[in-house]
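Reading the structure
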Amino acid sequence: MTSFAVMAADKLHDVGFSWLSLSHATGLALCWRPFQAPLFIMKPRNARLLLSLALFGLLAACGGENTKPTPPQAVRPATPVKPVKIGVALGGGAAKGFAHIGVIKMLEANGFEPVVVSGTSAGSVVGALYASGMNAFDMQQKAVALDEASIRDLRLFSGGLIQGQKLQDYVNTQVGNKPAEQLRKPFAAVATQLETGDRAVFVRGNVGQAVRASSSIPGVFEPVSIGGKTYVDGGVVSPVPVDAARQLGAEFVIAVDISSRASGQRPSGLLGAVNQYITIMGQRLGEQELGRADVVIRPAVLDIGAADFEQRGRAILEGEKAAMAAMPQIRAGIARLQQAQTAAIRTAEARTSAAQAEAHQRCQDSRTRIEKLRGVEKNCSAPAR
């Protein structure tokens, strides 16, 4: 037989093989075994079909039985962005400090409840009550019912007109006599160490005493002795304690500035002269620290006198109005901060994913040549911790 069919039949008969699979040892050589088959003659077209089928079976058998596809790696969900930690820095300003209550009321009403509180002088009084767990409406009720005589204890020729013990007792009563570290919100009262002029930030211990020290305006209140050191009003070194709020962990600081500006006119009376003195000293420092706040709110209370407690209702209202006017700026600032946090998280996740992929590839590259030829994947998963 000289035809193609006869040649194919003779070959099949002489060799007699069945297609099994590729040898995983070499990855190339055919695995075959001889068998006895009867002589048969095929037509050319049938021979071509047989050879095609045989080749197809060979290719199918070449997909090594031990090779397993790499399972797709599970995509971890993006880490949710935590709520922004909002802090309020409440500045000093005597009776103008009632405006802080209105500001806090509007922040709460718009979903921006502060979780960190710092205060100087009058701001430390409001801040302590707020940190104790009171909301703005609770504080407003306290403000309306406040009897000025309950926080003012006059004592002449003792280094100041007001001793300050009544203020200390009033604050401690309102906060349930809890130390600062046990209040519901982190709280800091800022005072000035008289001996050195350094800023002092009270975050632990007697809350009423810390507020008293923070509010001890030189010449008006007696200086306060704590731990062998003497302290006076924090407005001398930090009129609006933005930095203290940052130190407590605030990511977004809303500063409330109720401090007076030097009017260019001669003050009348002792209290007016002292107030002007404090204003001049703290004005420059206040501007620098306010520049480190995210948002600054300035209620229109500059015309309210330092001892004008009768204007408390108006001060609260002005605080509400100023806070509402600043609300678009607050929303935009928090949105920018959240976007930046989200971008930072995504960047960190991308770097982690790339590092994991690189480590996995290095692990696979460390396989032996036989493992690579056989298509065996190495277990490169990190050990459980």
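Structure report, in brief. (Residues numbered from 1 in each chain as written. Predicted model: local features only at pLDDT ≥ 70, side-chain atom pairs only at ≥ 80, totals over all residues. Heavy atoms only, no water.)

**A few points about the overall build of the protein chain**
Looking only at helices and strands, the protein chain features 11 helices and 10 strands. When burial is assessed residue by residue, the protein chain has 41% of its 385 residues classed as buried. Long-range pairs, those at least 24 residues apart, make up 72% of the contacts in the protein chain with a sequence separation of at least 6. (Helix = DSSP H or I, 4+ residues; strand = E, 2+ residues; numbered from the N terminus. Buried < 20%, exposed > 50% of the residue type's maximum accessible area, 1.4 Å probe, protein only. Contact = heavy atoms within 4.5 Å.)

**Quick notes on the environment of A323**
Of note, A323 is situated in helix α10 (residues 312–365). Not counting residues up to four positions away in its chain, the partners in contact with A323 are V103, M106 and I297.

**Thoughts on helix α4 (residues 122–131)**
Within an α-helix, residues lying three or four positions from one another point in the same direction, as the helix has 3.6 residues per turn. With 10 of 10 residues buried, α4 is to be regarded as a mostly interior element. Those residues of α4 that sit buried are A122, G123, S124, V125, V126, G127, A128, L129, Y130 and A131. One or two steps after α4, the chain reaches G133, where phi turns positive at roughly 125°.

**Quick notes on the environment of V201**
Inspection of the secondary structure assignment puts V201 in strand β6 (residues 199–202). Under the relative-accessibility criterion, V201 is labelled partly exposed at 29%. On a C-alpha basis, the gap between V201 and A188 in space is 6.1 Å, while along the polypeptide they are 13 residues apart. Setting aside its immediate chain neighbours within four residues, V201 contacts A188, A189, V190, A244 and Q247.

**Some words on unusual backbone geometry**
Unlike most non-glycine residues, A94 shows phi in positive territory, near 55°. The phi angle at S121 is positive, at roughly 55°, despite the residue not being glycine. Among the structural elements, S121 can be located in the loop between β4 (116–120) and α4.

**Considerations on the pattern of salt bridges**
Counted according to the given criterion, the structure contains 10 salt bridges. Note that R298 is salt-bridged to D257, the shortest N-O span being 3.2 Å. Residue R298 is located in the loop between β10 (295–297) and α10, and its partner D257 is located in the loop between β9 (252–256) and α9 (269–290); the two are separated by 41 residues in the primary sequence. (Salt bridge = Lys/Arg side-chain N within 4 Å of Asp/Glu carboxyl O.)

**Concerning the nonpolar core**
Counting 65 residues, the largest nonpolar core has F187, V207, I297 and I330 as the members making the most contacts within it. Broken down by element, this core gets its largest block of residues, 8 residues, from α10. When sequence neighbours within four positions are dropped, the list of residues in contact with F187 reads V117, S124, G127, A128, A131, F202, V203, V207, V211 and L248. (Core = buried A, V, L, I, M, F, W, Y, C linked by side-chain atoms within 4.5 Å.)

**What about the pairing of strand β8 (residues 229–233)?**
In this sheet, β8 lies alongside strand β5 (residues 187–193) in antiparallel orientation, the contact comprising 3 bridges. Bridging across to β8, A191 finds its partner in D233. Two strands pair when backbone bridges link them, and strand β7 (residues 224–226) and β8 are joined in this way by 3 bridges, in the antiparallel orientation. If you follow V224 over to β8, its bridge partner there is Y231. (Pairing = 2+ DSSP bridges.)

**Examining the pairing of β5**
When you tally the buried positions in β5, you get 7 out of 7 residues, the bulk of the element. Neither face of β5 is open: one carries F187, A189, A191 and Q193, the other A188, V190 and T192, and all of them are buried. Strand direction decides the pairing type here: β4 and β5, joined by 4 bridges, are parallel. Residue pairing across strands places T120 opposite V190, the latter belonging to β5.

**With respect to the packing of α4 against helix α7 (residues 207–214)**
It is at 8 Å that the axes of α4 and α7 come closest, and there the two elements cross at 160°. When the axes of α4 and α7 are compared, the pair comes out roughly antiparallel. For the pair α4 and α7, the crossing hand works out as right-handed. Only V207, V211 and S214 of α7 make contact with α4, whose side of the interface consists of S124, V125 and A128. In terms of residue class, the contact of α4 with α7 is made up of 4 nonpolar, 2 polar and no charged. (Axes fitted to C-alpha atoms, helices over the stretch in contact; angles between N-to-C directions. Parallel < 35°, antiparallel > 145°, perpendicular 65-115°, else oblique. Left-handed = near helix turned anticlockwise from the far one by under 90°. Nonpolar A, V, L, I, M, F, W, Y, C, P; charged D, E, K, R; others polar.)

**Notes on the packing of aromatic side chains**
Applying the stated criterion across every chain yields a total of 2 aromatic pairs. Judged by centre distance (5.8 Å) and plane angle (80°), the ring pair of F98 and F309 falls under edge-to-face. Here F98, found in the loop between β3 (86–90) and α3 (99–109), pairs with F309, found in the loop between β10 and α10; they are 211 residues apart in sequence, far enough to count as distant. Across the pair, F309 and F98 agree in class, each one buried. Ring centres of F202 and Y231 lie 5.2 Å apart, and the angle between their planes is 75°; this geometry places the pair in the edge-to-face category. Of this pair, F202 sits in strand β6 while Y231 sits in strand β8; the two residues are 29 residues apart in sequence, bridging distant segments of the chain. Across the pair, exposure class does not vary: F202 and Y231 are buried alike. (Phe/Tyr/Trp six-rings, centres within 6.5 Å; stacked < 30°, edge-to-face > 60°.)

**Here we look at α10**
Taking 1.5 Å per residue, 54 residues should reach 80 Å; α10 reaches 75 Å between its end C-alpha atoms and fits that length. Maximum bend of α10: about 45°, positioned at M327, with proline P328 one to four residues after it. (Expected span 1.5 Å × (residues − 1). Bend = angle between axes of the 7 residues up to and from the residue.)

**A short note on the side chain of D153**
For D153, the position within the fold is in the loop between α5 (136–145) and α6 (165–174). Of the side chains with opposite charge, K166 comes closest to the buried, unpaired D153, at an N-O distance of 6.4 Å. At 3.0 Å, the side chain of D153 and the backbone nitrogen of K166 are in polar contact. (Lys, Arg positive; Asp, Glu negative; His and termini not counted. Polar contact = N/O pair within 3.5 Å; in protein donor to acceptor, adjacent residues only side chain to side chain.)

**Observations concerning the side chain of S216**
Residue position: S216 is located in the loop between α7 and β7. Residue classification places S216 among the buried residues on the basis of a relative accessible area of 1%. Within the structure, the side chain of S216 is placed 2.6 Å from the backbone oxygen of R212, a separation counted as a polar contact. In contact with S216, not counting residues within four places along its chain, are F221, E222, V224, Y231, V232 and D233.

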